[in-house]
Amino acid sequence: MDATKLIHHPYKAPDSFEAVVPGVHKASTVIFEDTAALKNRQWKDKSGYTYGLHGTPTTFTLEERLATLEGGLQTLLAPSGLSALALVNMAILRTGDEVLIPDNAYGPNKDFARVELAQWGIGHRFYDPMDAAALALMIGPKTRLLWLEAAGSVSLEFPDLLGLLNVARSHPELVTALDNTWGAGLAFDAFDLGLPRKGDSSGVDISVHALTKYPSGGGDVLMGAVTTRDEHLHLRLKMTHMRLGLGVGANDAELVLRGLPSLALRYAAHDASARRIAQWLVARPEVAQVLHPALPGSPGHAYWAQLCSAAGGLVSVVFDGQRFSAERVDAFVDQLNLFKIGYSWGGPMSLVVPYSLRGMRQFGALSTQAESTLVRFAIGLEETDHLIADLANAFNVLAG
Ligand SMILES: *Cc1c(COP(=O)(O)O)cnc(C)c1O
């Protein structure tokens, strides 16, 4: 047996191979034809390949498709949605700067500011996403980055996105970054919001997307994306991305590539089912408040209606702490059968998580606060009637 022949084999498969899905290319090492190629190859764009961390045909293909989905120019992949958020913070912020974060932002992004950014001498404050006038008073000479999220994590208020961005527009040095996971590039166009143009964007400067949710659609992969329309901003993010050594595995990229063609259909199905369930929940006497941006009366519904027609699969409800203790709400959640208890969303299976409202929010868009419990439902792709029957059964237990 010739071991060398098994490593340096003369057979090369022909180049032209067309199939429904793009190939999965795996590499740490990329091989150069000669030393001149090694020395001259550019890694900062997609003109060639240098090293697995800087891109393969598989990751380039996924980046291009995501840039198209979000209406951006360039996308960078990160190993999770949270690492994509952290990448933006680290690329944009320097010691002495301040970042403003909406009160209802994804919790771990708030924690990143409270702990990691604080250690590097970077300040942060939380703002009320429903109050653009208050934001205008908070922006100062040190404010470098403004986070936005629509709808808000867990409590699903839809912010005054246009009002907040309009305020940011009067500070040209301020970078705006949206956590676009909820909208998924489908509910609204983050870079085309009809605002006065800043560079090539009439919306945000940066969109971050937890691909873990809708783009994957399977509940079986973690990945994040950072998309921009500005070449300079992209390069700044790309340099930090490279220095941090952020990369994603080819098999994970393959899973997301496989999810993308059905993304719009799945989003619409989650959306239709979630709306029916939200309507059904409104009629339940046990529930103090139903939170769903497409529901008239839900916080920020008018702001949602300005920009969106779709709303995705998340619905939250608030149980008044005076009527139902946290323990009784937990028993209600435990009684659910089709809704499994677990974080995340965007996959086929419906999920549920109870959250204590105590200390969760500084500003009050929710009808009851303090001792109340919020339950977030992620509506999956099961039959809506079956999900409603599951909820009805658990409500019987709650009623005692
Ligand atoms: C899930 C989520 C993230 C983080 O994504 P991971 O891949 O789980 O790290 C960030 N933002 C929002 C709004 C999310 O829902």
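Scoring rules and cut-offs
- Residues numbered from 1 in each chain as written.
- Predicted model: local features only at pLDDT ≥ 70, side-chain atom pairs only at ≥ 80, totals over all residues.
- Heavy atoms only, no water.
- Pairing = 2+ DSSP bridges.
- Helix = DSSP H or I, 4+ residues; strand = E, 2+ residues; numbered from the N terminus.
- Contact = heavy atoms within 4.5 Å.
- Axes fitted to C-alpha atoms, helices over the stretch in contact; angles between N-to-C directions.
- Parallel < 35°, antiparallel > 145°, perpendicular 65-115°, else oblique.
- Nonpolar A, V, L, I, M, F, W, Y, C, P; charged D, E, K, R; others polar.
- Core = buried A, V, L, I, M, F, W, Y, C linked by side-chain atoms within 4.5 Å.
- Buried < 20%, exposed > 50% of the residue type's maximum accessible area, 1.4 Å probe, protein only.
- Domains from an automatic or database assignment.
- Near = heavy atom within 4 Å.
- Polar contact = N/O pair within 3.5 Å; in protein donor to acceptor, adjacent residues only side chain to side chain.
- Areas by Shrake-Rupley, 256 points an atom, 1.4 Å probe, with all protein chains shown as cover.
- Phe/Tyr/Trp six-rings, centres within 6.5 Å; stacked < 30°, edge-to-face > 60°.
- Lys NZ or Arg CZ within 6 Å of the ring centre and 35° of its normal.
- Buried area = accessible area lost by both parts, 1.4 Å probe.
- Salt bridge = Lys/Arg side-chain N within 4 Å of Asp/Glu carboxyl O.

A. The arrangement of the pairing of strand β11 (residues 351-356) in detail. Bridge count for strand β10 (residues 340-341) against β11 is two bridges, and the pairing is parallel. Directly across from Lys340, in β11, lies its bridge partner Leu351. As paired strands, β11 and strand β12 (residues 373-378) are joined by six bridges and run antiparallel to one another. Opposite Pro354, over in β12, you have Val375 as the bridge partner.

B. Just the sheet that holds strand β8 (residues 289-291), in detail. In spatial order, the strands read β8-β9-β12-β11-β10; together these five strands make up an open sheet with mixed pairing. A strand with exactly one partner marks an edge of an open sheet, and here the two such strands are β8 and β10. Those strands touched by helix α10 (residues 263-282) are β8, β9 (314-319) and β12, and its axis lies near 15 degrees from that of β9.

C. Representation of the packing of helix α4 (residues 81-92) against helix α8 (residues 231-244). Two elements in contact, α4 and α8, have axes separated by 9 Å at closest approach and are oriented at 110 degrees. Looking at the two axes, α4 sits roughly perpendicular to α8. Seen from α4, the contacting residues are Leu87, Val88, Met90, Ala91 and Ile92; seen from α8, they are Leu233, Arg236, Leu237, Thr240, His241 and Leu244. Classifying every residue of the contact of α4 with α8 by side-chain character gives eight nonpolar, two polar and one charged.

D. Structural detail: the nonpolar core. In this structure, Leu62, Leu148, Phe158, Leu161, Trp182 and Phe188 are the most contacted members of the largest nonpolar core, which totals 63 residues. Per-domain counts for this core show at least three residues from each of domain 1 (22-261) and domain 2 (262-399). Non-local contacts of Leu62, meaning those with residues more than four positions away in its chain, are made with Leu77, Met223, Ala253, Val256, Leu257 and Leu260. Core analysis: the next-biggest nonpolar cluster, separate from the first, contains 28 residues, Ala78, Ile101, Phe112 and Val226 among them.

E. A look at the site of the ligand. Gly81, Leu82, Asp179, Thr212 and Lys213 are the nearest of the 14 residues found near the ligand. Between the ligand and Thr212 there is a distance of 2.6 Å, counted from an oxygen atom to a side-chain nitrogen or oxygen. Residue Lys213 places a side-chain N or O atom 2.5 Å away from an oxygen atom belonging to the ligand. About the coverage of the ligand: the protein hides 90% of its 380 Å² of free accessible area.

F. Fine view of the sheet that holds strand β6 (residues 206-210). One open sheet holds the seven strands; their spatial order is β1-β7-β6-β5-β4-β2-β3, and the pairing between them is mixed. Looking at the sheet topology across the chains shown, the edges are occupied by β1 (74-78) and β3 (123-127). When the angles between neighbouring strand axes are averaged without regard to direction, this sheet yields 20 degrees. Across three bridges, strand β5 (residues 175-179) lies against β6 in parallel orientation.

G. Region of interest: the environment of Glu98. Inspection of the secondary structure assignment puts Glu98 in strand β2 (residues 98-102). What makes Glu98 buried here is its relative accessible area of 13%. Those residues in contact with Glu98 that lie beyond four places of it in its chain are Leu93, Gly123, His124, Arg125, Met138, Lys142, Thr143, Arg144 and Leu145.

H. Quick look at unusual backbone geometry. A cis amide bond links Ala150 with the next residue in sequence, Ala151, at an omega value of -10 degrees. Along the chain, Ala151 falls in the loop between β4 (143-149) and α7 (161-169). With a phi close to 70 degrees, Val154 is a non-glycine residue in the positive phi region. Within the secondary structure layout, Val154 lies in the loop between β4 and α7. Residue Val154 is classed as buried on the basis of its relative accessible area, which comes to 9%.

I. Main features of the environment of Leu85. Within the fold, Leu85 resides in helix α4. Considered as a pair, Leu85 and Pro348 are 263 residues apart in the sequence and their alpha carbons are 25 Å apart. Residues contacting Leu85, with those up to four places away along its chain left out, are Tyr106, Asn109, Trp147, Asp179 and Val208.

J. A look at the packing of aromatic side chains. Evaluation of the coordinates by the stated rule reveals 12 aromatic pairs. Taking 6.3 Å as the distance between ring centres and 55 degrees as the angle between the ring planes, the aromatic pair formed by Phe319 and Phe395 counts as tilted. You can see Phe319 sitting in strand β9 and its partner Phe395 sitting in helix α13 (residues 384-399), a full 76 residues away along the chain. Of the two residues examined, Phe319 and Phe395, each falls in the buried class. On the basis of an interplanar angle of 40 degrees and a centroid distance of 4.9 Å, the ring pair of Phe332 and Phe395 is categorised as tilted. Of this pair, Phe332 sits in helix α12 (residues 326-335) while Phe395 sits in helix α13, placing them 63 residues apart in sequence. Of the two residues, Phe332 and Phe395, neither departs from the other in class, the shared state being buried. Each member of the aromatic cluster is reached from another via a ring pair, and the members are Trp280, Phe319, Phe324, Phe332 and Phe395. Here the guanidinium or amino end of Lys110 rests over the ring plane of Phe126, the centre of that ring lying 5.0 Å away.

K. Highlighting the domain arrangement of the chain. Segmentation of the chain into domains returns domain 1 (22-261) and domain 2 (262-399). The interface of domain 1 with domain 2 comprises 38 residues on the first partner and 37 residues on the second. When the area that domain 1 buries against domain 2 is broken down by residue, the three leading residues are Val154, Leu156 and Tyr214, summing to 24%. There are zero salt bridges connecting domain 1 and domain 2. Here domain 1 is connected to domain 2 by 15 residue pairs in polar contact (both at pLDDT 80 or more). Mapped by element, the contributors of at least two residues to the side of domain 1 that touches domain 2 are β3 and α7.

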